[in-house]
Amino acid sequence: MDLRCPHCGEPVKASMKICPRCEAELTQPRSRKPQTINELQQYCTLKNNPLEKLRFFIGEDYQEPKAFGIYQKDNGDFVVYKNKADGSRAIRYEGPDEAHAVNEILQKLQSEVELRRQKKGVPTRKQKKTSVASVIMGVLLTVVVSLFIAIGGLVFRRSGPSRGYYYYDDDYYYYQNDEWYRYDNEWYPAYVDETLEDNYGDYWVEDGYDDVYGVAPFSDSEYYQEYDDSDWDDWDDDWGDDDWDDWDTDDTDWDSDW
């Protein structure tokens, strides 16, 4: 789905920095885990990932050997597949759950990237997390943060908007995990203008839902609490920073089912 410019309402894409209609500057929302094939395509484009070189075919029923892919069939089902070296196909998932299908191919793409990093001698995120230095720093950071909260918790308030509902310019908004959402028959990710961004406290309603709002509960939307996955955040930090020139598809076990 397209986002909309908060200034003039023109449909805009997540990659746009300037509205094509009113030329207003657009503040990019925080990246989130893709839930649809379209979102996955856009995300990989934004991260400059050469999918064909990586042998991943998003939204395509690719028939050649040595390929991973996802596409939607004419009956509406989503298919996640692997074409082996001999040209035979293994189906990882086939069904109506698009978010599940996208997650399957996304996890495989992540594992393939990690495989190349290991072969290049680059520590994986799991290796980094379990290193002695990381453990020590994590313990020290936990102690420091705990002391800070215990001592200063009554003095300092959390900066930034609180999670919950806001009412601004005759529309309801919801804020969670550094992202804004606006209700327009259903909940959508939204850009917000400077007035709401800078004066969010003036438009705060509450963190709980009341049917007097006249909108659907945000907790019923597909976006509710979907993006607290720390593993995804860690991987997303430098997703796309790899040097793809030495990507060797022969590193993949093309004879296995997945």
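For the structure, see preceding data.
In this text, all values refer to a predicted model and were calculated from it rather than measured experimentally.

Conventions used here
- Counting restarts for each chain: residues are numbered from 1 in the order of the written sequence.
- Totals for whole chains, interfaces and linings use every residue, but because this is a predicted model, local features are given only for residues with pLDDT of at least 70 and side-chain atom pairs only at 80 or more, for both listing and counting.
- Water and hydrogen atoms play no part in the side-chain values, which are based on all heavy atoms of the structure.
- Secondary structure elements follow DSSP: runs of H or I of four or more residues count as helices, runs of E of two or more count as strands, with numbering from the N terminus.
- As used in this structure description, the phrase polar contact means that two N or O atoms lie within 3.5 Å; if the pair is within protein, one of them must be able to donate a hydrogen and the other to accept it, and residues adjacent in sequence are counted only when both atoms belong to side chains.
- By the convention used here, strands pair only if DSSP detects at least 2 bridges between them.
- The axes used here are C-alpha line fits, helices contributing only the stretch in contact, and every angle between their N-to-C directions lies in the interval 0 to 180 degrees.
- A simple rule labels every residue: compare its accessible area, found with a 1.4 Å probe on the protein chains alone, to the largest value its type can have, and call it buried under 20%, exposed over 50%, or partly exposed in between.
- His is not counted, nor are the chain ends; Lys and Arg add positive charge and Asp and Glu add negative charge.
- Each reported salt bridge corresponds to a side-chain nitrogen of Lys or Arg within 4 Å of a carboxyl oxygen of Asp or Glu.
- Nonpolar core, defined: a set of buried Ala, Val, Leu, Ile, Met, Phe, Trp, Tyr and Cys residues in which side-chain atoms within 4.5 Å join the residues together.
- For this analysis, residues touch if any pair of their heavy atoms sits within 4.5 Å.

Undergrad: Could you clarify how one ought to interpret the environment of Tyr174 in this entry?
TA: Turning to its location among the elements, Tyr174 is positioned in strand β8 (residues 171-176). On a C-alpha basis, the gap between Tyr174 and Pro161 in space is 10.0 Å, while along the polypeptide they are 13 residues apart. Reaching out from Tyr174, the side chain makes a polar contact with the side chain of Arg163 at a distance of 3.5 Å.

Undergrad: Is there a simple way to explain the sheet that holds strand β11 (residues 204-206) in this structure?
TA: Strand pairs in the sheet, formed through backbone hydrogen bonds, run parallel or antiparallel to each other. Strand order in the open sheet formed by five strands is β10-β9-β8-β7-β11, and the pairing between neighbours is antiparallel. Edge positions in the sheet fall to β10 (187-189) and β11, since each of these pairs with one other strand and no more. With direction set aside, neighbouring strand axes in the sheet form an average angle of 35 degrees. Inspection of the sheet shows strand β9 (residues 179-183) paired to β10 by three bridges, in the antiparallel sense. Within the sheet, the bridge partner assigned to Tyr181 lies in β10 and is Pro189.

Undergrad: What should I look at first to understand the side chain of Asp193 in this one?
TA: Among the secondary structure elements, Asp193 is positioned in the loop between β10 and α6 (194-198). The side chain of Asp193 is buried and forms no salt bridge, while Arg182, the nearest opposite charge, is found at 10.0 Å. Within the local environment of Asp193, its side chain forms a polar contact with the side chain of Tyr168, the two groups lying 2.8 Å apart.

Undergrad: I'm lost on the nonpolar core in this one. Help?
TA: The tendency in soluble globular proteins is for nonpolar side chains to be buried as a group. Leu40, Phe56, Ile58, Ile70, Val80 and Ile105 are the most contacted members of the largest nonpolar core, which has 22 residues in total. Looking at this core, the element that brings in the most residues is helix α3 (residues 98-119), giving six residues. What Ile58 contacts, discounting residues up to four positions off in sequence, is Ile37, Leu40, Gln41, Leu51, Ile70 and Ile105. Within the second largest apolar cluster, ten residues are counted, among which are Tyr165, Tyr181, Tyr183 and Tyr223.

Undergrad: Can you help me understand the pattern of salt bridges in this one?
TA: Counted under the stated rule, the structure contains eight salt bridges. A salt bridge links Arg21 to Glu10; its shortest N-O distance comes to 2.8 Å. Note that Arg21 is positioned in the loop between β2 (11-12) and α1 (37-46) and Glu10 in the loop between β1 (3-4) and β2, a separation of eleven residues in sequence. Between Asp250 and Lys66 there is a salt bridge, with the nearest N and O atoms lying 3.0 Å from each other. Residue Asp250 is located in the segment after α7 (230-237), and its partner Lys66 is located in the loop between β3 (56-58) and β4 (67-72); the two are separated by 184 residues in the primary sequence. The exposure class assigned to Lys66 is partly exposed, which follows from its relative accessible area of 27%.

Undergrad: Quick question: what am I supposed to make of the side chain of Arg55 here?
TA: Structurally, the position occupied by Arg55 is in the loop between α2 (51-54) and β3. Here Arg55 is buried and forms no salt bridge, its nearest opposite-charge partner Glu52 lying at an N-O distance of 5.3 Å. A polar contact of 2.7 Å, which involves the side chain of Arg55, links it to the backbone oxygen of Lys66. When sequence neighbours within four positions are dropped, the list of residues in contact with Arg55 reads Tyr62, Pro65, Lys66, Ala67, Phe68, Thr249 and Trp254.

Undergrad: Hey, could you run me through unusual backbone geometry in this one?
TA: With the exception of glycine, most residues fall at negative phi, and the peptide bonds are largely trans. Located in the positive-phi region is Arg55, a residue other than glycine, with phi close to 70 degrees. Taking relative accessible area as the criterion, Arg55 reaches 17% and is therefore assigned buried. One non-glycine residue, Asn177, lies in positive phi territory at about 50 degrees. Looking at the element boundaries, Asn177 is found in the loop between β8 and β9. The exposure class of Asn177 is partly exposed, given its relative accessible area of 22%.

Undergrad: Sorry if this is basic, but what is going on with the sheet that holds strand β6 (residues 89-95) here?
TA: Taken in spatial order, the four strands line up as β3-β4-β5-β6 in an open sheet, and their pairing is mixed. Among the strands making up the open sheet, the edge pair consists of β3 and β6. Sheet twist, expressed as the mean angle between neighbouring strand axes with direction ignored, is 10 degrees. Relative to β4, β3 runs parallel, the two sharing three bridges. In the strand pairing of β4, Phe57 is matched with Gly69. Contacting β3, β4, β5 (78-83) and β6, α3 crosses the sheet at an angle of about 165 degrees to β4.

Scope: geometric values only; no functional claims are made or implied.
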